[in-house]
Each structure stands twice: as structure tokens, then as C-alpha cells.
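Structure at a glance
So you can see what is in the structure, the chains are spelled out below.
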Amino acid sequence: MSSAQEYPLWDVQESGPADAPRSVLLLPGGMCSKAFYDDMVRAPALLRAPVRLVAATVPGHAGTPAPRDLALENYAALAGALAAEHGCDVVVGHSLGANIALEMVAGGHFSGPVVLLSPTFSRPDEPRSLAVADRLGRLPGIGALTWWALVRLVPRVMAGSLPPGRRAALVAEFGKNDPAFCRREIRHYFAYLDRHGSLVARLRASGAPAWVVRGDRDEIGLTAEERAGLEAGPNVTMVTVPDAGHLVMVDQPAPVAELVARVALG
């Protein structure tokens, strides 16, 4: 398994006061880059808060160099080392980044709190099309072609759901992804979900203060059983953001920024 010392290539962007008393690590989702946090970082609640923000693209995504070990547990270890290096007190993760943040606290790589923007708690929560792409990706020949086509298609599909003022920039970030990496990474991601079945108990058992944030029209599923388990967790707070989809911090950056600022400042 790779160690943090073997991966010094994080694509990081810092903002906010350098001497701020609190620091927050921001992990974007799959196929996304740190640029997907730009609107949230510039929202009034964070612009005026004494908080330093460290946005870091998850290695391998949006064209960044990938670590040798693509297991989500290894990503959590690497992100934990990055959080320690930058003195981060809070971790905010979106989608895959949220699952990495969850594993950071569950695996003992970070002691919280965490803000989880649209995490996945089990395989059935993911769109069936992604599971089909994973299965096809395992076939010789057709697997590589499937992921080449999928990665080319994602920017076109996502364009319509992005704010007009940010559409071109974010579509360009999607377009940086390497199909071969995405094909390998999604296999490791589903393997992680299959190892645990459901991550609800894992999050609750971590004891870390956690905010699970979802848009009211999020494309990622959440079963009634998962919701009940989360709501019963004394360390978990559920938050629904109106008029937002899966990219909640892009759709509604202001309320998400307000939550992050409140969590960071305690």
C-alpha cells in the first residue's frame, strides 16, 4: 500500500487568511477537481470567516497523477496525511471525496468533524448505469472502449446541470479525466462499498461529528433504512439543501458555505 510520503503530488489551492485559527480541507468528487469548490469558497460566509481553506483534487481525477494504490482506504490515509500537513481541523468532501472523508474518520486517519456532501452509503445508492459501466469495463476490448466513450460523454451530460456562468470551466475540468484511470478507480470504489455493505454503521461508530448534506433532488440514492440509521446517530446531523442536485456546492454555494463556516468555527 502506498504511503503518504510516496505521494507528494497533491494539486492544492489555498485561500483565506494564512494565519486563520481554523483550517478546512476540501475534497472534490470523482472526475472533479478543486475548481468545483470555487463558488463555495467565494461565498460571503467563507470570505468573511477567519478560516483557511485547502482545496485538493483527489489524486488521479481531472488529469492529476494517480497513486499506485487506488483502494479507498489508501486514499483516506493519503488525505489524512494531507490534512495533518496543512493543520486542517475539518474535512469537507463531495461524493467520492465525501466517502474518502468518511473513511478518514472511520479508519482513524482524522478525528473530525466532517461535512459529507452527497456521500454514497451502499452500492444500491449509485445509479445502475455506473454499475453496468463497471461490469462492461472488466471485459477485454469492450471495457476500454466503454470507458473511453463514457468519459467523453460525461461533460456533455453534465453541462445542462451546471450554472451557465460556470459551465464552460467545469466542463473543461471533466474533460481532463483519463478513461483508463476511471475504469480502474471505479472497480476499487465498488469493491470498497461491497466490503462494508452499508457505511451508516461505520460512520456512526467513528464517533466523529458528521454533517450529511444532500440536495433535495440529489441523483444519489438514500434508502429509508439508511436515513433512519443516520438520523438515529448521535454524532450525525442530516441537512437538506433546497433546489440542489448532486453538485450541491455548485448549485447552492451560499448555504453550503454557511454550514462549513459554522462547523469550522464551532
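Residues numbered from 1 in each chain as written. Predicted model: local features only at pLDDT ≥ 70, side-chain atom pairs only at ≥ 80, totals over all residues. Heavy atoms only, no water.

As for the confidence of the model for the protein chain
- Residues with a pLDDT of 70 or more make up 97% of the protein chain, whose mean pLDDT is 94.
- This model gives residues 1-5 a pLDDT under 50, and the stretch forms nine contacts once residues within four places in sequence are excluded. (pLDDT = per-residue confidence, 0-100. Contact = heavy atoms within 4.5 Å.)

Observations concerning the packing of aromatic side chains
- Evaluation of the coordinates by the stated rule reveals two aromatic pairs.
- An angle of 65° between the planes, with centres 5.1 Å apart, marks the rings of phenylalanine 36 and phenylalanine 174 as edge-to-face. Placement of phenylalanine 36 in the loop between strand S2 (22-27) and helix H1 (38-41) and of phenylalanine 174 in helix H7 (residues 167-174) is noted, with a sequence separation of 138 residues between them.
- For the ring pair tyrosine 189 and phenylalanine 190, a centre distance of 5.6 Å and an interplane angle of 45° mean the geometry is tilted.
- Residue classification places phenylalanine 190 among the buried positions, given a relative accessible area of 1%. (Phe/Tyr/Trp six-rings, centres within 6.5 Å; stacked < 30°, edge-to-face > 60°. Helix = DSSP H or I, 4+ residues; strand = E, 2+ residues; numbered from the N terminus. Buried < 20%, exposed > 50% of the residue type's maximum accessible area, 1.4 Å probe, protein only.)

Comments concerning the environment of tryptophan 147
- Tracing the backbone through its elements, the reader meets tryptophan 147 in helix H6 (residues 142-159).
- Taking the C-alpha atoms as reference points, tryptophan 147 and phenylalanine 181, 34 residues apart in sequence, are found 9.3 Å from one another.

Re the sheet that holds strand S7 (residues 236-241)
- Across the sheet, which stays open at both edges, the seven strands sit in the order S1-S3-S2-S4-S5-S6-S7 with mixed pairing between neighbours. Each edge of the sheet is formed by a strand with only one pairing partner; in this case those strands are strand S1 (11-15) and S7. If you compare each strand with its neighbour and ignore which way they point, the axes differ by 20° on average.
- Two strands pair when backbone bridges link them, and S1 and strand S3 (residues 51-57) are joined in this way by five bridges, in the antiparallel orientation. In the sheet register, valine 12 faces S3, and the bridge partner there is alanine 56.
- Across the sheet, helix H10 (residues 224-231) touches strand S6 (210-215) and S7, and the angle it forms with S7 is around 125°.
- Lying on the sheet, helix H12 (residues 253-265) is in contact with S2, S3, strand S4 (90-94), strand S5 (114-117), S6 and S7; it crosses S2 at an angle near 135°. (Pairing = 2+ DSSP bridges. Axes fitted to C-alpha atoms, helices over the stretch in contact; angles between N-to-C directions.)

Comments concerning the pattern of salt bridges
- Going through the model one piece at a time under the given rule, you end up with 12 salt bridges.
- Taking the shortest distance from any N to any O, the salt bridge between aspartate 38 and arginine 166 comes out at 3.7 Å. Here aspartate 38 is found in helix H1, whereas its partner arginine 166 is found in the loop between H6 and H7, with 128 residues between them in sequence.
- The class of arginine 166 is buried, set by a relative accessible area of 15%. (Salt bridge = Lys/Arg side-chain N within 4 Å of Asp/Glu carboxyl O.)

Side note on helix H8 (residues 179-196)
- When the terminal C-alpha atoms of H8 are compared, their 26 Å separation across 18 residues agrees well with the 26 Å that a helix rising 1.5 Å per residue should span.
- For H8, the set of buried residues is Pro179, Phe181, Cys182, Glu185, Ile186, Tyr189, Phe190, Tyr192 and Leu193. Mapping the buried residues of H8 onto a view down its axis gives an arc of 155°, with all of them on the same face.
- Where H8 is buried, its residues meet helix H3 (72-85), helix H4 (96-106), helix H5 (128-137), H6 and helix H9 (200-206).
- Just downstream of H8, glycine 197 is the residue with a positive phi angle, here 75°. (Expected span 1.5 Å × (residues − 1). Arc of directions from axis to C-beta.)

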